[in-house]
Amino acid sequence: MARQYFGTDGIRGEVGVSPITPDFVMRLGYAAGKVLAQAESAGASRPTVLIGKDTRISGYMLEAALEAGFSAAGVDVMLAGPMPTPAVAYLTRALRLSAGVVISASHNPFQDNGIKFFSAQGNKLPDAVELAIEAALEVPMSCVTSDKLGKARRLDDARGRYIEFCKSTFPNELDLRGLKLVIDCAHGAAYHIAPDVFHELGAEVIAIGNQPNGFNINDGHGATHPATLAAAVQAHRADLGIALDGDADRLLMVDASGRIFNGDELLYVIVKDRLAHGGIAGAIGTLMTNMAVESAFGEMGVGFARAKVGDRYVLELLQERGWEVGGEGSGHLLVLDQHTTGDGIISALQILSALRRSGATLTAITSELSLWPQTLLNVKIKPGFDWQSNRDLLSARERAEAELGTSGRVLIRPSGTEPLLRVMVEARDAAVARRLAENIASCIPG
């Protein structure tokens, strides 16, 4: 059964446009509350959910709508305020709650927002539960009797709890003394958390992108705009830079020279460190992961498999294989012996511990990894466009694949969160990758 509302990362869209409207979100809270209530065992206390959000202006409205929906379903609510997505996952599990909800559109601009759920175990909801919520949305909303309405309260110590959790994932025998770090919080949910984590571990911290106003999330800052961090690292003569996105589940890093390291390279660093300190069976990438990474892991004797694009699919394949480490070039990194979901702060701490243990720089530790050039183009498409049957597009793809042979590859896929078709061409020559990607993109009707 196809999902109508849930994409690869919850429900997302432009605020004020269906489904990101206050009436729908209230009904979503009610539907999710009814599903949770049915799942609770008989005799147990009433379900309780935790709601966190990023710094978008629309978060206030959507938070209130969700709270009303849950209350009408007889579900209690704890409000954490602005918190990273992985913080909500952690707190839901640590506080033994029924579910966690995050109001965020991640790396998207402030005009967008979204809703994503975590299970009691801190994992993203399985497809079956999302389908159950969608089915419940088809039932007219009602309300429990007054004596059964849900209550709401603030979780005042959410920030401190999460900071301590992040610090606990960094080895006790190591610290960050002597390091000058620039932390770009993307004016997002980690603005009041990430700088403190690294400072309390001993680093000198320069925070940027830490002045959210409701409208500037991801605007010229963060993991989607790493050039800002690169310039700041050089201006402050820092050792390293750390860029998060709006909900702090992505990570990119910059070295002292201003060189940007993407998720594929950071995954390589984590795997290499684990291979040197106890071993690692394998790692999961995606269809977008650079061919150079797969080749390097093969030479290292580390297993590698590709999941569909999206951190939920990386997680599913990690669990299926019984492995612990995976990620995407975009900066979603999963380290399952530290957290149940992708976490930009914890991933950065994994990289920093690898550098501390090896005594090497990012450039040195990745010196044997030479990424193949990739060109990724995001092309807007009209609703209902059947790209898989478009003859012009298929012909352009076939011509590109014939030209590349074994020295590259083509990947075309729809976005799971936006009306876009993503065209990726990977080749040993950057000019060839760019030319072929543009040729394919030109065949997509506007």
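Since the structure is predicted, the reported quantities are computational estimates derived from the model, not experimental observations. (Residues numbered from 1 in each chain as written. Predicted model: local features only at pLDDT ≥ 70, side-chain atom pairs only at ≥ 80, totals over all residues. Heavy atoms only, no water.)

Let us look at the sheet that holds strand β9 (residues 240–244). In spatial order, the strands read β8-β7-β9-β10-β11; together these 5 strands make up an open sheet with mixed pairing. Each edge of the sheet is formed by a strand with only one pairing partner; in this case those strands are β8 (204–208) and β11 (260–261). Relative to β8, strand β7 (residues 180–184) is paired through 5 bridges, and the arrangement is parallel. Bridged to K180 within β8 is E204. Across the sheet, helix α7 (residues 226–235) touches β7, β8, β9, β10 (251–255) and β11, and the angle it forms with β10 is around 30°. (Pairing = 2+ DSSP bridges. Helix = DSSP H or I, 4+ residues; strand = E, 2+ residues; numbered from the N terminus. Contact = heavy atoms within 4.5 Å. Axes fitted to C-alpha atoms, helices over the stretch in contact; angles between N-to-C directions.)

The next subject is the nonpolar core. Counting residues in hydrophobic clusters, the biggest one holds 68 residues, and the most contacted among them are L181, F198, I242, I345, L352 and L362. Considering every element that reaches this core, the biggest residue donor is helix α11 (residues 344–358), with 8 residues. Core analysis: the second largest hydrophobic core is formed by 31 residues, F6, I11, L36 and I133 among them. (Core = buried A, V, L, I, M, F, W, Y, C linked by side-chain atoms within 4.5 Å. Buried < 20%, exposed > 50% of the residue type's maximum accessible area, 1.4 Å probe, protein only.)

A few words on the sheet that holds strand β12 (residues 282–286). Read across the open sheet, the 4 strands follow the order β13-β12-β14-β15; overall the sheet is mixed. Only two strands of the sheet have a single partner each, and these edge strands are β13 (303–307) and β15 (333–335). For this sheet the average axis-to-axis angle between neighbouring strands, irrespective of direction, equals 15°. As judged from the 3 bridges shared by strand β14 (residues 325–327) and β15, these two strands associate in the antiparallel manner. Residue G327 lies in a different strand from β15, and its bridge partner there is L333.

Take unusual backbone geometry next. The omega angle of the peptide bond from S18 to P19 is 10°, so this bond is cis rather than trans. As for its placement among the helices and strands, P19 is situated in the loop between β1 (11–14) and α1 (22–39). In this structure, R96 is a non-glycine residue whose phi angle is positive, near 55°.

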